[in-house]
Amino acid sequence: DEWKVFLAIDGKADVRTIIMKLKMDEVQVLKSIAFFIEEKWVEVPKIEQDTRKKILIVDDSAVIRKSIEMALSETGYGLISAATGEAAIKLATEQKPDLILLDVMLPDTTGLKVCKTLRSDYEALKTTPIVMLSAKDAEIDKNLGLHAGANDYVTKPFKDGQLVELVDKFLKN
């Protein structure tokens, strides 16, 4: 059985595929693979760590998230996104992005509260640049965003080039 597993390992198939292909018990296949790795009969490829700077895009609109992703797709930055404030906080604390683009109006909370939470409750995110994105263009709204801890406040809609320039301003330092 171990030789069947060894011959089935081709570097492309995942464990589930090997199990189905050989019609063997999952535990036996996993034990065989572990044996081959320990004995160095097969080599586990090293996964290179992504060293790109990460941007967390937070907006409840899938269309806006996608348009921001498309605008930034050629910049070389790693892009992650969230649709709610809760998801944004979770991703921000796990992924430690280098920049956060944060919508003001979210379905479960406001971007202002998310910004305040990230600034006050998470030491690692206190200096992460946060740019508030909003359709609200009144001076009071901008002041509220900056007072919440945002580094900048951008009114929607914005041009792709403006967004790229803004992102580069914070990440090219």
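Here, the structure is the one placed above.
Note that the coordinates shown come from a computational prediction; the quantities given were computed from them, not determined experimentally.

Conventions used here
Residues numbered from 1 in each chain as written. Predicted model: local features only at pLDDT ≥ 70, side-chain atom pairs only at ≥ 80, totals over all residues. Heavy atoms only, no water. Helix = DSSP H or I, 4+ residues; strand = E, 2+ residues; numbered from the N terminus. Buried < 20%, exposed > 50% of the residue type's maximum accessible area, 1.4 Å probe, protein only. Contact = heavy atoms within 4.5 Å. Areas by Shrake-Rupley, 256 points an atom, 1.4 Å probe, with all protein chains shown as cover. Lys, Arg positive; Asp, Glu negative; His and termini not counted. Charge placed at Lys NZ, Arg CZ, Asp CG, Glu CD. Right-handed = clockwise from strand over helix to strand, strands pointing away. Pairing = 2+ DSSP bridges.

## Notes on the overall build of the chain
Line of reasoning, step 1. Secondary structure assignment for the chain yields eight helices and five strands.
Line of reasoning, step 2. Along the chain, helices (α) and strands (β) appear in the sequence α-α-α-β-α-β-α-β-α-β-α-β-α when read from the amino end.
Line of reasoning, step 3. Taken across its 173 residues, the chain has 36% of its residues classed as buried.
Line of reasoning, step 4. Sequence separation of 24 or more characterises 58% of the internal contacts of the chain that already satisfy a separation of 6 or more.
Line of reasoning, step 5. Total accessible area on the chain stands at roughly 10,900 Å², and carbon and sulfur atoms take up 53% of it.
Line of reasoning, step 6. In the chain, 25 positive and 29 negative side-chain charges are present, and the distance between their average locations comes to 0 Å.

## Thoughts on the pairing of strand E1 (residues 54–58)
Line of reasoning, step 1. Of all five residues in E1, four are buried, a share of seventy percent or more.
Line of reasoning, step 2. Taken together, E1, helix H4 (residues 62–72) and strand E2 (residues 78–82) constitute a β-α-β crossover, and its handedness is right-handed.
Line of reasoning, step 3. Pairing between E1 and strand E3 (residues 99–103): four bridges, direction parallel. Within E3, the residue paired with isoleucine 57 across the bridge is leucine 101.

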